Amino acid sequence: MYAIILDGRRQLKVEEGAEIVVDLRDGLKTGDAVKFDRILAVSGDQGLKLGTPALDGASVTAEVVGLVQGPKLVVQHFRRRKNSRRRNGHRQVSTRVRINKISI
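Attention in this report is confined to the structure presented alongside it. The numbering scheme is per chain: residues are counted from 1 as the chain's sequence reads. Totals for whole chains, interfaces and linings use all residues, but because this is a predicted model, local features are given only for residues with pLDDT of at least 70 and pairs of side-chain atoms are given and counted only at 80 or more. Hydrogen atoms and water are omitted, and side-chain values are computed over all heavy atoms in the structure.

On to the overall build of the chain, then. Starting at the N terminus, helices and strands are each numbered in turn, a helix being any DSSP run of H or I of at least four residues and a strand any DSSP run of E of at least two. From N to C terminus, the chain includes zero helices and 10 strands. Along the chain, from the amino end to the carboxyl end, the secondary structure elements read β-β-β-β-β-β-β-β-β-β. The principal-axis extent of the C-alpha atoms belonging to the chain is close to 65 × 30 × 20 Å. For the chain, the residues scored as buried account for 29% of the 104 residues in total. We call two residues contacting when some pair of their heavy atoms lies within 4.5 Å. The long-range fraction of contacts in the chain, counting pairs at least 24 apart against all pairs at least 6 apart in sequence, stands at 62%. Calculation of accessible area relied on Shrake-Rupley with a 1.4 Å probe; when residues are assessed, cover is drawn exclusively from the protein chains displayed. Here the chain has roughly 7,500 Å² of accessible surface; of this, 45% comes from carbon and sulfur atoms. Working convention for charge: Lys and Arg count positive, Asp and Glu count negative, and His plus the chain ends are omitted. Charge coordinates come from a single atom per side chain, which is NZ of Lys, CZ of Arg, CG of Asp or CD of Glu. Positive and negative side-chain charges in the chain, numbering 20 and 11 respectively, have mean positions lying 19 Å apart. Throughout this description, buried means an accessible area under 20% of the type-specific maximum (1.4 Å probe, protein chains only), exposed means over 50%, and partly exposed covers the range between.

Below you can see the structure in the form of C-alpha cells.
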C-alpha cells in the first residue's frame, strides 16, 4: 500500500515504515506525531483511488525521527575586474519522519 501526499509544493510517494525528508517543522521534537491531510492518491487492496485534487477523509500519520542537514552548497559572487569576491555556504535543515499509518 502506498500513498501520494502533497507537502508544501512537493509530491511524495510514501509507504508504511518508510522514512522521508520533509521541510522543516518548527516546534517538533523527536517522537512527535505529524499528520498529512493532503492525500492525492492511495493504492491498496481495493485498487487505486484518485482525488480531485485531494481525497476526502484520507490521512497519513508519521513520527518525527529527527532533524537532518542537506549537502553543503557554496554560493559565490564574483564581479570581474572589480576585485570583488564573496563566498558563502549554506546547509538546509529538514525534518526526517517515519510513516506509521496510511488511512483511507
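This part takes up the packing of aromatic side chains. Ring pairs shown here join Phe, Tyr and Trp side chains whose ring centres sit within 6.5 Å, with only the six-membered ring taken for Trp; geometry is labelled stacked below 30 degrees between planes, edge-to-face above 60, and tilted in between. A complete count under the given rule lists zero aromatic pairs for this structure. Just above the ring of Tyr2 sits the side chain of Lys13; from NZ or CZ to the centre is 4.5 Å. The criterion is that NZ of a Lys, or CZ of an Arg, lies within 6 Å of the ring centre and within 35 degrees of the ring normal, and then a charge sits over that ring.

With that settled, consider the sheet that holds strand β4 (residues 33-36). A pair of strands counts as paired when DSSP detects no fewer than two bridges linking them. Strand order in the open sheet formed by four strands is β3-β10-β7-β4, and the pairing between neighbours is antiparallel. Single-partner strands in this sheet number two, and they are β3 (19-23) and β4. On average, each strand axis in the sheet is inclined to that of its neighbour by 45°, with strand direction left out of account. Two elements, β3 and strand β10 (residues 93-103), share five bridges in a ladder whose sense is antiparallel. Residue pairing for β10: Val22 is matched across the bridge by Thr95. A fitted line through C-alpha atoms represents every axis, and for helices the fit uses only the stretch in contact; the resulting angles, taken between N-to-C directions, go from 0 to 180 degrees.

Before going further, it helps to examine the side chain of Asp7. Among the secondary structure elements, Asp7 is positioned in strand β1 (residues 2-7). Within the structure, the side chain of Asp7 is placed 2.7 Å from the side chain of Arg25, a separation counted as a polar contact. Residues contacting Asp7, with those up to four places away along its chain left out, are Leu12, Val22, Asp23, Arg25 and Phe36. Whenever a nitrogen or oxygen atom comes within 3.5 Å of another N or O atom, the pair is scored as a polar contact, on the condition that within protein one atom can donate a hydrogen and the other can accept it, and that pairs from neighbouring residues in sequence are kept only if both atoms are in side chains.

Residues enter a nonpolar core if they are buried and are Ala, Val, Leu, Ile, Met, Phe, Trp, Tyr or Cys, with the set joined through side-chain atoms within 4.5 Å. Ranked by internal contacts, the top residues of the largest apolar core, which has 18 residues, are Ile5, Val14, Ile20, Phe36, Ile39, Val60 and Val97. Secondary structure elements with two or more residues in this core: β1, β2 (10-15), β3, β4, β5 (39-44), β7 (59-69) and β10.

The four strands are arranged β2-β1-β5-β6 in an open sheet whose pairing can be described as antiparallel. Both edges of this open sheet fall to β2 and β6 (47-50), since each of them pairs with a single strand only. Pairwise comparison of adjacent strand axes, ignoring direction, gives a mean angle of 15° for this sheet.

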